[in-house]
Amino acid sequence: MEAVQRSPGYSVEREVLDEQSLEEVAQRREKSPRTPLADRLKHSLRCSGRRLRRSVLRWVPVLSWLPRYSFRDSALGDLVSGVSVGIMHLPQGMAYALLASVPPVFGLYSSFYPVLVYFIFGTSRHISIGTFAVISLMVGSVTERLAPNENFLRNDTNGTEVLDLTARDTYRVQVAAAVTILAGIFQVVLGLVQFGFVVTYLSNPLVRGYTTGAAVNAVISQLKYIFGLHPRRHSGPLSLAYTLIDVCWLLPQTNLGTLVVSVVSLVALIAAKELNVRLSKKLPLPIPVELIMIVAGTLVSSLASLQPQYGVEVVGEIPSGLQPPRAPDVSLFREVIGDAFALAIVGYAISISLGKTFALKHGYKVDSSQELVALGLSNTVGGFFQCYSVSSSMSRSLIQESTGGKTQMASAVSAVIVLVTVLKLGSLFQSLPKAVLSAIVFVNLKGMFMQFLDICTLWRSSKIDLLVWVVTFVSTLLLNLDLGLAASISFALLTVIFRTQLPRYSVLGQIPGTELYLDVETYAEAREIPGITIFRSSATVYFANTELYLEALKKKSGIDIGKLLTYKRKQAAKQQRREQREQRRARRHAKRAERTLKGPGARESRGLVFSVEKEAQLWREQERHTVRHQGNGTVFVRPQAGNRQVSWEYLKMGDPDTATLGSVSELEGDTSTVDSSCDTQDTLSRDLERLSLGSLGKWSWDIHSIILDLSTCNFLDTVAINTLKSIFTDFGEIDVGVYIAGCQACVVEQLECGDFFIPSLTKRHLFPSVHDAVLHCLQLHGTPTTPGIDCILDVDRSTKL
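Criteria and thresholds
Residues numbered from 1 in each chain as written. Predicted model: local features only at pLDDT ≥ 70, side-chain atom pairs only at ≥ 80, totals over all residues. Heavy atoms only, no water. Salt bridge = Lys/Arg side-chain N within 4 Å of Asp/Glu carboxyl O. Helix = DSSP H or I, 4+ residues; strand = E, 2+ residues; numbered from the N terminus. Buried < 20%, exposed > 50% of the residue type's maximum accessible area, 1.4 Å probe, protein only. Phe/Tyr/Trp six-rings, centres within 6.5 Å; stacked < 30°, edge-to-face > 60°. Lys NZ or Arg CZ within 6 Å of the ring centre and 35° of its normal.

A.B. asks: Give a detailed account of the pattern of salt bridges, specifying residues and quantitative values.
C.D. replies: Under the criterion given, the structure shown has 23 salt bridges. Linking Glu313 and Lys434 is a salt bridge whose minimum nitrogen-to-oxygen distance equals 3.2 Å. Of this pair, Glu313 sits in the loop between α14 (306-310) and α15 (333-362) while Lys434 sits in helix α19 (residues 434-444), and the two are 121 residues apart along the sequence. Residue Lys434 is classed as buried on the basis of its relative accessible area of 14%. Residues Lys554 and Glu551 are paired through a salt bridge, measuring 3.7 Å at the closest nitrogen-oxygen approach. Highlighted residues: Lys554 and Glu551, both in helix α23 (residues 546-557), separated by three residues, approximately one helical turn. On the basis of relative accessible area, Lys554 is assigned to the buried category, the value being 18%. Residues participating in the shared-partner salt-bridge network are Glu23, Arg28, Glu749, Glu752 and Lys763.

A.B. asks: Explain the packing of aromatic side chains to me, using residue names and the numbers behind them.
C.D. replies: For the coordinates displayed, the defined rule picks out 20 aromatic pairs. Ring plane angle 20° and centroid distance 5.6 Å describe the contact between Trp469 and Phe473, whose orientation is recorded as stacked. Of this pair, Trp469 and Phe473 both sit in helix α22 (residues 463-501), separated by four residues, roughly a single helical turn. For Trp469, a relative accessible area of 2% corresponds to the buried category. Its relative accessible area of 14% is what places Phe473 among the buried residues. Relative to Phe767, the ring of Tyr739 has its centre 6.0 Å away and its plane inclined at 65°; by these criteria the two rings are edge-to-face. One end of the pair, Tyr739, is in strand β12 (residues 737-741); the other, Phe767, is in strand β13 (residues 766-767), with 28 residues separating them in the sequence. For Tyr739, a relative accessible area of 6% gives the class buried. Through a chain of ring-to-ring contacts, three or more aromatic side chains come together here, namely Trp65, Tyr69, Phe71 and Phe119. In this structure, Arg58 is placed above the aromatic ring of Trp59, and the distance from its NZ or CZ to the ring centre is 5.0 Å. The positively charged end of Lys463 is found above the aromatic ring belonging to Trp459, 4.7 Å away from the centroid.

Okay, structure coming up:
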């Protein structure tokens, strides 16, 4: 039989340390003074040859890797990869241009200029910059909103309204260029101020839910090309639903020629894609399915005269050559500023997520801020050449990486392929049916539709993330891409706030034989320390959850501090009124005795004096023994007469019906000897009144210490610090000691800055661990004799674990 290997154990013997002792033992360093702003600015503006070289290499990464480029190791892989990606750029560029509502040739432009800019400034070696379905669709929502078809209708010579396609497309290109340049400016500025971390607010479920919703938007927007319809253009919330209704309403008007082309293209593309997947290990390169479909569609359309005979809509004129740079229409910036910011954030989120994925796989680092600058420059420069906004494409990036691409030299090769097509081959695709491009869009969205499987995965792993995914998806469908993104980010941030507002509060107990303290509700072997409540929150304490923290502390400790303090103040006020009544009564008796002693009948006067003294003695006995009953026993509150401070002593006896106090019973029997003018009945009724104290929680003798485990806190704001102060003060009034354990160094610094420490509340109340705090409390209140406590407390405050 194989022997069971035992885990190694350890034993530590040290003194119990509080925060002050820990700082002395560990020799805490003094915080260095902050450098003045003027000196920091002077240092940042200081220039040297080495610093200039380092800055240039950082901002222009191509200068760092291109001189060391290895042709032997990388050239062949980059060449094959670049050709493969370039072939993919051609159909995707023209197809995604339909999503952006601009002529297909501008999709080719967007696959050329931004790629060259990213080649110079980018830090990822494997992502493929260019047109992307989601970004194209976001641009298309802007262009169609600002340049709808209704604005470009003109009367023909016959008096009928005709759509001026040339004017419409020209204006849409201007809108697309304007929103692209503004989005690029946003990205460059955010990158220069090192604001790349903004993408962290876009969680993975949010991004995947958003892209899935955008894929549905893309499909619905392409239905008009699939069926050859011309539905009305809708904008604003629920516009997607209105568009879908219009398409369904116009289905009887479907162009059969267009539908046949769409179905054949879809079937051929899906079959070829599946063939590529099945033969991926046997084929050196994937079959360029999209390019083959474009060539075949163009040939069939030209030979069969699909446009003139069957009314199939085609791409139309594609100008040869490149467009000269053109300044954007600045007047459009005000109308597209919100859309531009959304484009900047979403485009960067998609690019950096892909870039970090490949960097982690191949062992290099991607600079988040530099990526933001590189993407911004790609959009800004491309916008001047009538390109629309770009991002990285997952499909092209996977091809670039899987076919052997090792550097961005592959992107440069793909840009050359696009350039040759634009200069020499563009005019050959004028007869290409738009239905073929829409089919390419449909098939390439398969990966995004596969993200619906996230619902099953998130259901098992995290219901909150599933809720974020669903809300993002629904918001994208109902509110469009821009408002849907804003609503999704807001909801995701709210889930974080709610989770910190509603953390798990727990009481900790010791695991026998260890220094570990775990939740008593989760672990059966965790044992509470008698007299000590160890309280922990699973989240940091700040202004949004301080009230909930305090309420949970009252509930878990069983002490309703508010009711106890209120009751104590009432008892103190009653005690003060009793003292005042006693003083007034004593003065009245003294005056009456003085008058009696001076008058006749001195013997009777001495008897009266004796009665007065006895009455005063009875009053004092009554003050010392005041009985209060409650459901599970008898509680004695013993105020000391003649002293304004009320000393609280809670004692618990047997059944309240049988529990009696002899002196009080005697008092009740002897009150008949007291003079009726002293109003004894009134005082006795007040002192012997029955109070229901069951709602006040545990009695103070039940808990003598509360330990707040703040190991989960990474910061404390002023509201949290004031709340902790009130906890120390309030529980101190009922003689319950409060201690803090597990504070991080930054939290201790915040307590110091927040004036938390005072002469009566020092760092002696802070402990580096819960076990230190427990041992301190046990020594302070006597070594426990309960056998359930598994700890060693020596007289020299040393612990042995």
